[in-house]
Structure formats: structure tokens, C-alpha cells
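Analysis of the macromolecular model
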Amino acid sequence: MSQLLDSYYQQIISLLEKIREEEVPTIDKAAQAIAERVAQGARIFAFGASHSSLPVQDIVYRAGGLMLINPLYAPGVEALTTRPTTLGSQMEQMPGYAEVVLNNAPLKEGDVLIVVSVSGRNALPVELAREARARGIFVVGLTSSKYTEAVTSRVPDGTKLKDHADILIDNQVDAGDAVLSLEGVPQKFTPASGVTSTAILHSLSAGIIENLVSQGISAPVFLAANLDGGADWNAQHMAENKDKIFYLN
């Protein structure tokens with residue numbers, strides 16, 4: 001087997017084990033806090049810009065996923081739909097956009113917002129967390145502590161995502177994200193944050209489901225639409241929870 005292939009899997013396994021050992025208590029705390037708020041009528045939203053939008057996309061409207069998680073849209077920063085691709089990276093550095101996004105979003109006081117930013121330095125996710133929290137929205141941040149400590153803030157007030165989250169979860173990747181090295185290649189390559197961030201968000205969803213059920217509250221989960229009866233199941237449960245779902249229009 002290629003040494004690099006084996007090394008990548010070993011690095012990913014090591015990071016996931018570290019998350020299980022060090023971050024599960026924080027993830028569990030976040031799941032409990034979110035479920036408690038949902039029980040009181042809160043809605044759940046999640047945001048990521050550029051490649052940090054991909055883990056968010058992976059927990060929204062998908063088989064086995066919690067129906068109650070809504071993406072927070074910010075045109076121009078989604079990783080796969082923005083053209084040219086470089087535009088998203090520049091827009092997430094732009095101060096002031098977060099307030100525009102919030103002013104045009106359905107979030108309200110008491111809701112939950114999950115903000116994913118691997119570096120934790122760019123203006124859009126940082127200001128989004130700051131402004132949301134100021135509006136009485138519960139903020140869960142997902143970032144890399146090593147990365148954010150290694151870089152300066154791109155926010156005029158000098159703050160980072162870590163400064164504005166009610167609960168902060170660490171995806172454990174290094175600064176720069178990449179995990180492999182090879183003679184002849186001047187920089188590290190092959191990132192890990194997509195895997196670790198996605199795993200964290202799925203485990204957070206599992207914790208929310210568990211906590212809702214323990215309180216006797218329905219936790220609607222998507223059945224794969226490619227299974228017989230899946231589409232009907234999903235339509236029924238989305239209709240029953242339409243007051244908490246905002247991604248259908």
C-alpha cells in the first residue's frame with residue numbers, strides 16, 4: 001500500500017480518536033443545550049462560508065439527518081455554487097456582510113446558530129456569531145483552536161469566532177489544515193477538517209436527537225428517499241414540523 005495513503009488514514013483516525021477523547025463532553029453539552037432550547041420553541045440554523053459550508057451541507061436535508069437543522073444562506077460564499085470560486089474566499093473576509101445576512105434571515109431571539117469556521121478569523125463568520133449572540137441567539141462555534149491561535153483576526157475589532165461562541169467545539173486540525181508531507185512538494189497537502197468537522201456535526205445531531213427523545217419530544221429524521229416509502233415519510237414529517245423548517249421555499 002502507498003505509504004501516503006496509509007498515513008492519511010492514520011492521521012484521520014488519530015484526529016477522530018482525539019475528538020472522541022477530548023471533545024465529546026463539549027459536543028454533548030452543546031447537544032443538551034440545543035435540545036433544551038428546541039423544547040422551548042427554538043429553531044436550529046447552521047452556517048459555514050467557503051469550504052466550511054460543506055460540513056453544514058452534509059447535515060441538512062439528507063437521509064438519516066435531523067429535519068430541524070436549517071442552512072443559513074449567504075449568497076456568494078457557498079463553496080460549490082459561487083463563480084468564480086475565488087469570490088467566496090474574498091467575500092467571507094468582508095466586514096459588514098454578516099449584519100446584512102442576519103437582517104434577511106428568519107433567526108429570532110432564542111434560536112440556535114451553529115457557525116463553522118476552521119480558521120475562526122474571517123469577518124463573515126466571526127461577525128455573524130457576534131451579532132447573533134447580541135440578538136439573543138445561542139451560538140455554537142466549530143473551529144480549530146490551533147489554527148485560530150496561529151493567525152490574526154480579519155475583523156476590525158480584532159476578535160475571532162472563539163470570542164463569540166456560547167459553546168466552542170474544536171475540530172482538532174492543525175494550522176493550515178493539511179496533514180501530509182512529501183519530498184518535492186514545498187507545502188503540506190490533503191486537508192482533514194472536512195472529515196473532522198462533518199463527523200462532529202453528525203455526532204452533534206445524534207446528541208440532539210437523543211436529548212429530544214429523552215424529553216419525550218419528537219425528533220424527526222429523514223428516511224432515505226430512495227427507499228420505498230421514504231418520500232412519503234419525509235413529506236409527512238416535514239409537514240408536521242413546518243414551523244421549524246425553512247429550507248423548502
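These lines cover the structure that appears in this document, whether it is placed above or below. (Residues numbered from 1 in each chain as written. Predicted model: local features only at pLDDT ≥ 70, side-chain atom pairs only at ≥ 80, totals over all residues. Heavy atoms only, no water.)

Turning next to the layout of surface pockets. One number sums up the size of the largest pocket: a volume of about 490 Å³. As for the largest pocket, its lining consists of 23 residues, and the residues nearest its centre are His51, Ser52, Val118, Asp177 and Ser193. Element by element, the count of residues in the lining of the largest pocket is highest for helix H8 (residues 193–214), at three residues. For the lining of the largest pocket, a count of residues per class yields seven nonpolar, twelve polar and four charged. Computed from the structure, the second largest pocket encloses a volume of approximately 290 Å³. (1 Å grid on protein atoms, 1.4 Å probe; cavity = no way out; pocket = protein on both sides within 12 Å on 5 of 7 lines; lining within 4 Å. Points joined across faces, edges and corners; volume = space filled by probe spheres on them. Helix = DSSP H or I, 4+ residues; strand = E, 2+ residues; numbered from the N terminus. Nonpolar A, V, L, I, M, F, W, Y, C, P; charged D, E, K, R; others polar.)

With 36 residues, the main nonpolar core has Ile34, Ile44, Leu66, Leu201, Leu204 and Ile208 as its most contacted residues. Of all the secondary structure elements, the ones that give two or more residues to this core are helix H2 (24–39), strand S1 (44–48), helix H3 (53–59), strand S3 (112–116), strand S4 (138–143), strand S5 (167–170) and H8. Per-element tally for this core: the top contributor is H2, with seven residues. Once residues lying within four places of it in the same chain are set aside, the contact partners of Leu201 are Pro55, Val56, Ile59, Ile114, Val116 and Leu142. (Core = buried A, V, L, I, M, F, W, Y, C linked by side-chain atoms within 4.5 Å. Buried < 20%, exposed > 50% of the residue type's maximum accessible area, 1.4 Å probe, protein only. Contact = heavy atoms within 4.5 Å.)

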